[in-house]
Amino acid sequence: MPRQRVAAPAPTVTELVAAYQPRDFLLTSASGTLLGSGALATVTGIDELADVLSRVGTDTGQAAVAVGALPFDRDAPAHLVVPETVRRGPAPEPAAAPAPRRSPLPGAWKAVPVPDPADHATAVKRAITLMTDPVAPELRKVVLARCLKLTGTCAADVAAVVANLVRADPVGFTFAADLPSRDAAPRTLVGASPELLVAKHGRSVVSHPLAGSAPRHPDPVQDREQAAALLSSAKERAEHAVVVEAVAEALRPYCRRLDVPEEPWTVTTATMWHLATRITGELRDPHTPSSLLAWALHPTPAVCGSPTDRAYAAIAEIEPFDRGFYTGAVGYTDTAGDGEWVVTIRCADIHGSTVDLFAGGGIMPDSDPEAELAETTAKFRTLLRALGVDQTR
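A short tour of the structure in this document, coming up. Every chain is numbered independently, its residues counted from 1 as its sequence is written. Totals for whole chains, interfaces and linings use every residue, but because this is a predicted model, local features are given only for residues with pLDDT of at least 70 and side-chain atom pairs only at 80 or more, for both listing and counting. Calculated side-chain values reflect all of the structure's heavy atoms, with hydrogen atoms and water omitted.

## Quick word on the packing of aromatic side chains
Then step 1. Each Phe, Tyr or Trp ring, with Trp reduced to its six-membered ring, pairs with another whose centre is within 6.5 Å; inter-plane angles below 30 degrees give stacked pairs, above 60 give edge-to-face pairs, and intermediate values give tilted ones. According to the stated counting rule, one finds 3 aromatic pairs in the structure shown.
Then step 2. Taking 4.9 Å as the distance between ring centres and 45° as the angle between the ring planes, the aromatic pair formed by Phe72 and Tyr312 counts as tilted. With a gap of 240 residues between them, Phe72 in the loop between strand 5 (65–70) and strand 6 (79–82) and Tyr312 in helix 8 (residues 308–318) connect regions that are remote in the sequence.
Then step 3. Burial here depends on accessible area, computed with a 1.4 Å probe over protein chains only, as a share of the maximum for the residue type. Under 20% is buried, over 50% is exposed, and the range in between is partly exposed. Overall, the relative accessible area of 6% leaves Phe72 in the buried class.
Then step 4. In textbook terms, an aromatic cluster arises when at least three aromatic residues are bridged by ring pairs, as seen for Phe321, Tyr326 and Phe358.
Then step 5. One cation-aromatic arrangement involves Arg74 over Trp295; the distance from NZ or CZ to the ring centre is 4.2 Å.
Then step 6. Whether a charge sits over a ring depends on NZ of Lys or CZ of Arg being within 6 Å of the ring centre and within 35 degrees of the ring normal. It is Arg323 that lies over the ring of Phe72; its NZ or CZ is 4.4 Å from the centre. Only DSSP runs of H or I with at least four residues qualify as helices, and only runs of E with at least two residues qualify as strands; both kinds are numbered from the N terminus onward.

## Description of the nonpolar core
Then step 1. We define the nonpolar core as a collection of buried residues of types Ala, Val, Leu, Ile, Met, Phe, Trp, Tyr and Cys that are connected through side-chain atoms lying within 4.5 Å of one another. Counting 64 residues, the largest nonpolar core has Leu70, Leu80, Val82, Leu251 and Trp341 as the members making the most contacts within it.
Then step 2. Looking at this core, the element that brings in the most residues is helix 6 (residues 234–251), giving 6 residues.
Then step 3. Two residues form a contact once any of their heavy atoms are found within 4.5 Å. Other than its neighbours up to four places away in sequence, Leu80 contacts Ala41, Thr42, Val43, Gly45, Ile46, Leu49, Val67, Gly68, Ala69, Leu70 and Trp341.
Then step 4. Counting residues in each nonpolar core, the second largest holds 26 residues, with Leu26, Leu150, Ile350 and Phe380 among its members.

## A closer look at the pattern of salt bridges
Then step 1. Any carboxyl oxygen of Asp or Glu within 4 Å of a side-chain nitrogen of Lys or Arg constitutes a salt bridge here. Taken as a whole, this structure holds 18 salt bridges when the rule is applied.
Then step 2. One salt bridge connects Glu263 with Arg237, and the closest N-O pair in it is separated by 2.3 Å. Of the two residues, Glu263 sits in the loop between strand 15 (255–259) and strand 16 (265–268) while Arg237 sits in helix 6, which places them 26 residues apart along the sequence.
Then step 3. Among the charged side chains, a network of salt bridges with common partners joins Lys141, Lys235, Glu236, Glu239 and Glu372.

## Regarding helix 3 (residues 117–132)
In an α-helix there are 3.6 residues to a turn, and that puts residues three or four apart on one side.
Then step 1. The end-to-end C-alpha separation of helix 3 is 23 Å, in line with the 22 Å expected for 16 residues at 1.5 Å each.
Then step 2. The set of residues buried in helix 3 consists of Pro117, His120, Ala121, Ala123, Val124, Ala127, Ile128, Leu130 and Met131. A helix is expected to span 1.5 Å for every residue after the first.

This is the structure:
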């Protein structure tokens, strides 16, 4: 097997973002930036990774890295690649990031919502009915999503979208992952996720689940009021608690120590406020792969619901589209098992001149359909701004 090359010296964040090309893998986070190019091997299942990485590591005499994406549907194939070349750099920092401006994207876009706004509100009502049915099996929460299908007059410039996302939120998780394509045109999952599914280094493990959201407001006073209202909302806190409980239960079998804060706090992106809890732990086995931990956690109630099987069934019944890799995970793992995986939200599936954007929200028994619709509209803004498309409902 050809050897995986690790480039040196370490480039800057700006250089790595500028070097990104479609079919590459890019992830920027607080722990650093990783750019992978080429493909020594491609696998479709988590179980295959250890053997492939071991073979590449034996060839190189150093830790090999696998990158890629996991789909929402656990029965669907993943897309995981061992890159030929891996380049690493520092984490983006606001002070060192490119100027907060957007590179203009050429062409015009036509948007078609799936479902349309009225039908999404009806879908929320259907989910509430399922959760409040006294004779049905227990369903505590279900996450419903919308898709905004954009068709352009020319192919989307994926590299420009990636650069725009990094400029807009340099402290978030910006990612671009190559996906299987049905033709010669690259297909890329691009996004700026605020949510860390899991990171693992040695015995240390951390997950930072988000659930409970409110849109940002351009007025600073009202923006702070939005955050305060989110933190005090019984509905949003209940939704968040379901997620934290599930993440802790999934990690506990792997950990000899797990710290779960009792109270959430608020974190922010350029477009949204979220309730967040940082869960940290110490693994029983330091060789536990980060990819295995990601698979054990996925999907959390933040993107599916609770209990998982019932929520999956409700989503399959209600949502009129296939999520694909939306609400899956994207990340990397190495021969030692160290790595980082983020939840694929605030993202788009780009294929030539077509772009499918996704946005969802957690539905609880006391959810308001119009408020849930407004939340998805606000979440679309991250990718719409990066594409240079005017906001649409």
